[in-house]
Amino acid sequence: MDFKNFSIAIIRTLSSLPYSDDLSIIRKQIIRSATSVAANYRAVSRARSEKEKFAKIYIVVEEIDETQLWLEIIEELEYVNPEKNSIFKNRM
């Protein structure tokens, strides 16, 4: 998986959306969780033990789940069209 490019695509897409208070909150949450996936996935390769590797992978799974939740919310609020959002959901 290329979570780094996934994070960049999320940032670029969401940054192009117009400003509103509620969208701003959701946008920040999606960017935080998506970039956390990338950072923690990268950290797996630097794990010093199998336990540490497992813990990092578990964080990646949790952050992917959170990102999916926020993507569902932003789609249901109709800030992003379903076709564009499905591209992100299918890449995770």
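Quick caveat, the model's predicted, so the values are computed rather than measured. (Residues numbered from 1 in each chain as written. Predicted model: local features only at pLDDT ≥ 70, side-chain atom pairs only at ≥ 80, totals over all residues. Heavy atoms only, no water.)

### A few points about a nonpolar patch on the surface
Among the surface-exposed residues, Y41, I57 and V61 lie close enough to one another that they form a single nonpolar patch of about 250 Å² accessible area. Inspection of the secondary structure puts Y41 in helix α2 (residues 21-44). Of the residues examined, Y41 reaches a relative accessible area of 36% and is grouped as partly exposed. (Patch = residues over 30% accessible without salt bridge, like charges linked within 9 Å, V, L, I, M, F, W, Y side chains within 5 Å. Areas by Shrake-Rupley, 256 points an atom, 1.4 Å probe, with all protein chains shown as cover. Salt bridge = Lys/Arg side-chain N within 4 Å of Asp/Glu carboxyl O. Helix = DSSP H or I, 4+ residues; strand = E, 2+ residues; numbered from the N terminus. Buried < 20%, exposed > 50% of the residue type's maximum accessible area, 1.4 Å probe, protein only.)

### A look at the packing of α2 against helix α3 (residues 50-76)
Angle between the axes and distance between the axes are the two parameters that describe a pair of packed helices. It is at 8 Å that the axes of α2 and α3 come closest, and there the two elements cross at 155°. On the basis of their axis angle, the class for α2 and α3 is roughly antiparallel. For the element pair α2 and α3, the recorded crossing hand is left-handed. Per-class residue counts for the contact of α2 with α3 are 16 nonpolar, five polar and four charged. (Axes fitted to C-alpha atoms, helices over the stretch in contact; angles between N-to-C directions. Parallel < 35°, antiparallel > 145°, perpendicular 65-115°, else oblique. Left-handed = near helix turned anticlockwise from the far one by under 90°. Nonpolar A, V, L, I, M, F, W, Y, C, P; charged D, E, K, R; others polar.)

### What about the environment of A55?
Structurally, A55 can be placed in helix α3. When the C-alpha positions of A55 and N40 are compared, they lie 9.7 Å apart, and in sequence the two are 15 residues distant.

### Focus on helix α1 (residues 3-15)
Over its 13 residues, α1 runs 18 Å from end to end, which matches the ideal 18 Å to within 8%, given 1.5 Å per residue. Along α1, the positions that sit buried rather than exposed are F3, F6, S7, A9, I10, T13 and L14. The buried residues of α1 occupy an angular sector of 160° when the element is viewed end-on, so they sit on one face. Exposed and facing more than 90 degrees away from the buried side of α1 are K4 and R12. (Expected span 1.5 Å × (residues − 1). Arc of directions from axis to C-beta.)

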